[in-house]
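For reference, the chains in residue letters:
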Amino acid sequence: MTVALFLAGCKSVEPDDSEFKLNINVALPVSDANVYNKVMGDPGQTEVFKKPRYGYIYLVNEADGEAEVMTLYKENLDEDDWELRTYNGVYMHQDDYVYVYKKTFVILLPSKRDAGRIYIAMSYYPLNNLRVSGHTSDYEPQTENDVKNLVFDLNANLKSSLQDIYSSPVGYIYNGKYYGTIQNYAYDPSDGTGNKATSIHLPLYHVASKVDVIWNVREDKQQDVRITNVKATHVYDGQCYLFRPTENTVNAATYASGYDVELTNNNIAMQWEGRSYFYAIPYTNNADKCPLQLEFQANENTSGSYKTTVLNEPTSPFVPWIRGKINISRNVEELYN
């Protein structure tokens, strides 16, 4: 099955059987309820991922020494057209389970082309105020740097569905090139072989980090300390890079604004040993660390709390798995003070 996409923006391409075509296949490295991730340290909860309904595709076409951006938006992707398969391509997630979009996106390419790169993002909810950083949302990307600098803002829907945003990170280099570089792009179909198409199979990756929080009250303190509330505080809600998800930065030790995520609220099962996770847009501070700010309350006492920041090492080009592990070995008074 194919979905024909027509180019819009700086340049348009009219349908023509003589034109060279690009076939795009997309995969998402996500788990199914009955499939185990290969990553160690799963918090033990079933992760639920929604199939993307919105797609954003950008083609950078180089010809005669000049690069031109062609913008495609394919909205209303069909959730039923995602199929669980095993990935056997050349990129990350070899042999992992992935969701593959069963329809192939077909782009009719311009006749002049020397090199091409594709950038793709997908999301369950539309990306809020998608724009080039420093511009308004009605400014279409004019250069490849514009595409790389696309940002979006968080709203209530996106905050609840951060795990369902994917993109092709610009920092993923394969064989010395950005992994979205199109092979055989400059092929001339007039050579008599009859081949008028090339293909690219592009796995997309999470834009948000998985944040894993673990806490434990030492056995000899459990008579005095019961953890009754845990929340992550000052979760990043600034502008979010779409294709450079590891490059959100804050020029301070920690992010001062943001929002809270409640991880447990008076759950007896987790009062001494607990674990919870959520997804958040990662950022690095002025020391190139990824801070995780946490707040603990004990014994249902809401007048005080224990606050701490766990610093994680960032990774590139993929968003880091952020973890906070808290071992509590003090009584309530010492803890709060």
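Residues numbered from 1 in each chain as written. Predicted model: local features only at pLDDT ≥ 70, side-chain atom pairs only at ≥ 80, totals over all residues. Heavy atoms only, no water.

Participant: So what's going on with the overall build of the protein? Which residues, and what values?
Facilitator: Along the protein, the regular secondary structure elements total 3 helices and 24 strands. Across the 337 residues in the protein, those meeting the buried criterion constitute 51%. Put simply, 76% of the contacts in the protein that link residues at least 6 apart link residues at least 24 apart. Accessible surface for the protein amounts to roughly 16100 Å². Of this, 43% is attributable to carbon and sulfur atoms. (Helix = DSSP H or I, 4+ residues; strand = E, 2+ residues; numbered from the N terminus. Buried < 20%, exposed > 50% of the residue type's maximum accessible area, 1.4 Å probe, protein only. Contact = heavy atoms within 4.5 Å. Areas by Shrake-Rupley, 256 points an atom, 1.4 Å probe, with all protein chains shown as cover.)

Participant: Give a detailed account of the packing of aromatic side chains, specifying residues and quantitative values.
Facilitator: Applying the stated criterion across every chain, the model contains 21 aromatic pairs. Aromatic side chains Trp 82 and Tyr 101 sit 4.8 Å apart centroid to centroid with 55° between the ring planes, which places their arrangement in the tilted category. Taken together, the positions of Trp 82 in strand S6 (residues 82–86) and Tyr 101 in strand S7 (residues 97–101) put the pair 19 residues apart, joining distant regions of the chain. Each member of the pair, Trp 82 as well as Tyr 101, carries the same accessibility label: buried. (Phe/Tyr/Trp six-rings, centres within 6.5 Å; stacked < 30°, edge-to-face > 60°.)

Participant: Residue-level account of the side chain of Asn 229, with values.
Facilitator: Mapping Asn 229 onto the fold places it in strand S18 (residues 227–235). Only 3.5 Å separates the side chain of Asn 229 from the backbone oxygen of Thr 264, close enough to count as a polar contact. Ignoring any residue separated from it by four or fewer positions in sequence, one finds Asn 229 in contact with Glu 262, Thr 264, Asn 265, Glu 295, Phe 296 and Gln 297. (Polar contact = N/O pair within 3.5 Å; in protein donor to acceptor, adjacent residues only side chain to side chain.)

Participant: Outline the environment of Tyr 255, supporting the account with residue identities and numerical values.
Facilitator: If you trace the backbone, Tyr 255 turns up in the loop between strand S19 (240–241) and strand S20 (259–265). Residue class for Tyr 255 comes out buried when judged on its relative accessible area of 12%. Considering only alpha carbons, one finds Tyr 255 and Gln 293, 38 residues apart in sequence, at a separation of 8.9 Å. With residues near it in sequence (within four places) discarded, Tyr 255 still touches His 234, Val 235, Tyr 236, Asp 237, Gly 238, Val 250, Tyr 283 and Gln 293. Polar contacts involving the side chain of Tyr 255 include one to the side chain of Asp 237, which spans 2.6 Å.

Participant: Explain the pairing of S18 to me, and be specific about the residues and the numbers.
Facilitator: Walk down a regular strand and you will see the side chains alternate between the two sheet faces. With 7 of 9 residues buried, S18 is to be regarded as a mostly interior element. Sheet topology note: the S18/strand S22 (residues 290–298) ladder contains 6 bridges and is antiparallel. Pairing of Ile 227 across the sheet is with Ala 298, part of S22. In this sheet, S20 lies alongside S18 in antiparallel orientation, the contact comprising 5 bridges. Bridging across to S20, Val 230 finds its partner in Thr 264. (Pairing = 2+ DSSP bridges.)

Participant: Provide a residue-level description of the pattern of salt bridges, including the pertinent values.
Facilitator: Taken as a whole and judged by the stated rule, the model has 13 salt bridges. The shortest N-O distance in the salt bridge between Asp 212 and Arg 323 comes to 3.5 Å. Residue Asp 212 is located in strand S17 (residues 209–217), and its partner Arg 323 is located in strand S24 (residues 322–328); the two are separated by 111 residues in the primary sequence. Glu 313 serves as the salt-bridge partner of Lys 289, at 2.4 Å between the closest nitrogen and oxygen. You can see Lys 289 sitting in the loop between strand S21 (273–280) and S22 and its partner Glu 313 sitting in the loop between strand S23 (306–312) and S24, a full 24 residues away along the chain. (Salt bridge = Lys/Arg side-chain N within 4 Å of Asp/Glu carboxyl O.)

Participant: Describe empty space enclosed by the protein, and please don't skip the residues or the numbers.
Facilitator: Using the criterion set out here, one finds 1 cavity of 30 Å³ or more in the structure. Empty space within the largest cavity amounts to approximately 130 Å³. Taken together, 16 residues make up the lining of the largest cavity; nearest its centre are Val 235, Ala 280, Tyr 283, Pro 291 and Leu 292. Secondary-structure elements contributing two or more residues to the lining of the largest cavity are S18, S21 and S22. Residues of the lining of the largest cavity, tallied by class, amount to 13 nonpolar, 3 polar and no charged. (1 Å grid on protein atoms, 1.4 Å probe; cavity = no way out; pocket = protein on both sides within 12 Å on 5 of 7 lines; lining within 4 Å. Points joined across faces, edges and corners; volume = space filled by probe spheres on them. Nonpolar A, V, L, I, M, F, W, Y, C, P; charged D, E, K, R; others polar.)

Participant: Tell me what's going on with the side chain of Ser 305, and back it up with residues and numbers.
Facilitator: Mapped onto the elements of the fold, Ser 305 is located in the loop between S22 and S23. Side-chain polar atoms of Ser 305 contact the side chain of Glu 295, separated by 2.9 Å.

Participant: Which residues make up the sheet that holds strand S11 (residues 150–153), and what values go with them?
Facilitator: Spatial ordering of the open sheet is given by S10-S11-S19, a layout of 3 strands whose pairing is antiparallel. In this open sheet, the two edge strands, each paired with only one partner strand, are strand S10 (128–132) and S19. Where S10 and S11 come together, 3 bridges link them in antiparallel fashion. In the sheet register, Arg 131 faces S11, and the bridge partner there is Val 151.

Participant: Go over the confidence of the model for the protein with me, naming the residues and quoting the values.
Facilitator: Residues with a pLDDT of 70 or more make up 86% of the protein, whose mean pLDDT is 86. Below pLDDT 50 for its whole length, residues 6–17 participates in 30 contacts with residues either more than four positions away or in separate chains. (pLDDT = per-residue confidence, 0-100.)

Participant: So what about the layout of surface pockets? Which residues, and what values?
Facilitator: Of the volumes computed, that of the second largest pocket is approximately 520 Å³. Where the lining of the second largest pocket is concerned, the elements lending two or more residues are strand S3 (21–28), S6, S7, strand S14 (177–178) and strand S15 (197–203). Among the residues forming the lining of the second largest pocket, the class breakdown is 14 nonpolar, 9 polar and 2 charged.

Participant: A description of the sheet that holds S20 should follow, citing residues and the corresponding values.
Facilitator: On the basis of which strands lie adjacent, the open sheet formed by 4 strands has the order S20-S18-S22-S23 and antiparallel pairing. Where the open sheet ends on each side, the last strands, each with one partner, are S20 and S23. Going across the sheet, the axis of each strand differs from the next one's by a mean of 25°, ignoring polarity. In this structure, S22 lies alongside S23, joined through 7 bridges in antiparallel fashion. Opposite Leu 292, over in S23, you have Val 310 as the bridge partner. (Axes fitted to C-alpha atoms, helices over the stretch in contact; angles between N-to-C directions.)

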